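One-letter residues, chain by chain:
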Amino acid sequence: MHTRRTTLSKFLIEQLKNSPDGQALAALLVDVSAAIKAISAAAGKGALEGNVGSLETVNVQEEVQKPLDVLTNQIMLHHCDWGGLVAGMASEEMEKPYDIPNEYARGCHLLIFDPLDGSSNIDFNVAVGTIFSVLKHNKDTPPTEADYLQPGNRQVAAGYAIYGPATLLVLTVGQGTHGFTLDREVGNFVLTHPNLRIPEETDQFAINASNERFWEPPIQRYVEECRAGKTGPRERDFNMRWIASMVADVHRILLRGGVFTYPRDSKSSKSGRLRLLYEASPMAMLVEQAGGAASTGRGRLLDEPPQALHQRVPVVLGSKSEVERIERYHREFDAGTDKPFVSPLFNERSLFRKEAR
């Protein structure tokens, strides 16, 4: 039985055998998977290796860094910079792109990654992950920052790893979305979830409800309708989940269906919370390849043009029907034709009812 299992390397050889630069892309993704194995081992040791608590440093996002933020960033860089497969790399933890050392050859791809998504959960032993994206770089000269500013529809591969009870690698090279489980005894990623498909109909949604007072009306409308359950316009009950680790929340949506959203809010000047290049674009490609949809609420995420390396965007992704409903609510709000749902409970008691605009 074990000899018949499809390993990641076998899978990539088959998927990319007819693709231009397919061999180089396959080799790069194998290097990424090796980095993920090392990160999995480091994350699994936790306090045994001093990988908890916070440092006295902040990253370019002005977020307090964890020891594992720094360590995992170095692991990704050092597993992928030497093989002549990348022209450069960019990380959420670094202000500027990483230049390949002069002693190493440069390749024809750019690697973009968030080395440890959800690192605020490390101290509490909650699942965290790694997100990555691969772009083409067909130039003889070293990449500039502008070369990384490609829309998500130009990605040639994207994926994430989730470090939970098992370490899973979820990957697409533009031919569906597939999941691999790390066999720790053997050291191989093995195909365990081929051709993942997101159910179109769902009763799940994931959102940080603590920010509700800051949301735009279309998001407030959607969540209020879901919470109203069978008594509301949706006429069925919904479950809300929020893990505060994007890889964990999206992984659940990918397997169970539903919608994940981190919308624009009014509590800061940011246009959104999640980074377009490091989080939104790769997750959008994975979700679309699994039959779902990904949006800013006002347009397809994969068509969003990056303007800066660390640009943030609002994110809505998951089951196609739910994403399309949220996009419709944004269109109606922008046109002034929306009719926000008001809970009958609040209406009868005259509590918290919102005045009509």
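Residues numbered from 1 in each chain as written. Predicted model: local features only at pLDDT ≥ 70, side-chain atom pairs only at ≥ 80, totals over all residues. Heavy atoms only, no water.

K.L.:
Hey, could you go over the overall build of the chain for me, with residue numbers and the actual values?
P.N.:
Each helix and strand counted, the chain has eight helices and 15 strands in total. For the chain, with 357 residues in total, the buried portion stands at 54%. A separation threshold of at least 6 residues defines the contact pool for the chain, and within that pool the share at least 24 residues apart is 64%. Surface accessibility of the chain: about 16400 Å² in total, with carbon and sulfur atoms responsible for 50%. (Helix = DSSP H or I, 4+ residues; strand = E, 2+ residues; numbered from the N terminus. Buried < 20%, exposed > 50% of the residue type's maximum accessible area, 1.4 Å probe, protein only. Contact = heavy atoms within 4.5 Å. Areas by Shrake-Rupley, 256 points an atom, 1.4 Å probe, with all protein chains shown as cover.)

K.L.:
Give a description of the side chain of glutamate 327 that names residues and reports values.
P.N.:
Along the chain, the position of glutamate 327 falls in helix 7 (residues 320–335). Here glutamate 327 sits buried without a salt bridge, and the closest side chain of opposite charge, arginine 331, lies 4.7 Å off (N-O distance). A polar atom in the side chain of glutamate 327 sits 2.7 Å from the side chain of serine 295. Apart from the residues lying within four places of it in its own chain, the contact partners of glutamate 327 are Ser295, Gly297, Gly299 and Arg300. (Lys, Arg positive; Asp, Glu negative; His and termini not counted. Salt bridge = Lys/Arg side-chain N within 4 Å of Asp/Glu carboxyl O. Polar contact = N/O pair within 3.5 Å; in protein donor to acceptor, adjacent residues only side chain to side chain.)

K.L.:
Requested: an account of the sheet that holds strand 3 (residues 109–117), with residues and values cited.
P.N.:
Read from one edge of the open sheet, eight strands run 2-1-3-4-5-6-7-8, paired in mixed fashion. A single partner strand is all that each edge strand has here, and the edge strands are strand 2 (98–99) and strand 8 (188–193). Pairing of strand 6 (residues 167–172) with strand 7 (residues 178–183), which is carried by four bridges, proceeds in the antiparallel orientation. Of the residues in strand 7, the one forming a bridge with valine 170 is glycine 179. Against the sheet, helix 5 (residues 246–256) contacts strand 3, strand 4 (128–136), strand 5 (157–163), strand 6 and strand 8, and its axis sits at roughly 105° relative to strand 5. (Pairing = 2+ DSSP bridges. Axes fitted to C-alpha atoms, helices over the stretch in contact; angles between N-to-C directions.)

K.L.:
Hey, could you go over the packing of aromatic side chains for me, with residue numbers and the actual values?
P.N.:
Across all of its chains, the model carries four aromatic pairs by this definition. Arranged with centres 5.8 Å apart and planes meeting at 15°, the rings of tryptophan 242 and phenylalanine 260 form a pair that is stacked. Taken together, the positions of tryptophan 242 in the loop between strand 10 (239–241) and helix 5 and phenylalanine 260 in strand 11 (residues 259–262) put the pair 18 residues apart, joining distant regions of the chain. Taking the relative accessible area as the measure of exposure, tryptophan 242 reaches 28% and is therefore partly exposed. Given a relative accessible area of 1%, phenylalanine 260 falls into the buried group. Aromatic rings pair up to connect Trp242, Phe260 and Tyr262 into one cluster. Positioned above the aromatic ring of tyrosine 329, the side-chain terminus of arginine 221 is 3.7 Å from the ring centre. (Phe/Tyr/Trp six-rings, centres within 6.5 Å; stacked < 30°, edge-to-face > 60°. Lys NZ or Arg CZ within 6 Å of the ring centre and 35° of its normal.)

K.L.:
Quick rundown of the packing of helix 5 against helix 6 (residues 276–289)? Include the residues and the values.
P.N.:
Each pair of packed helices can be summarised by the angle the axes make with each other and by the distance between the axes. For the pair helix 5 and helix 6, the least separation of the axes is 12 Å and the interaxial angle reads 15°. Looking at the two axes, helix 5 sits roughly parallel to helix 6. Two packed elements cross with a definite hand, and for helix 5 against helix 6 that hand is right-handed. From helix 5, Met246, Val247 and Val250 reach across to helix 6, where they touch Glu279, Met283 and Val287. Residue composition of the contact of helix 5 with helix 6, grouped by class: five nonpolar, no polar and one charged. (Parallel < 35°, antiparallel > 145°, perpendicular 65-115°, else oblique. Left-handed = near helix turned anticlockwise from the far one by under 90°. Nonpolar A, V, L, I, M, F, W, Y, C, P; charged D, E, K, R; others polar.)

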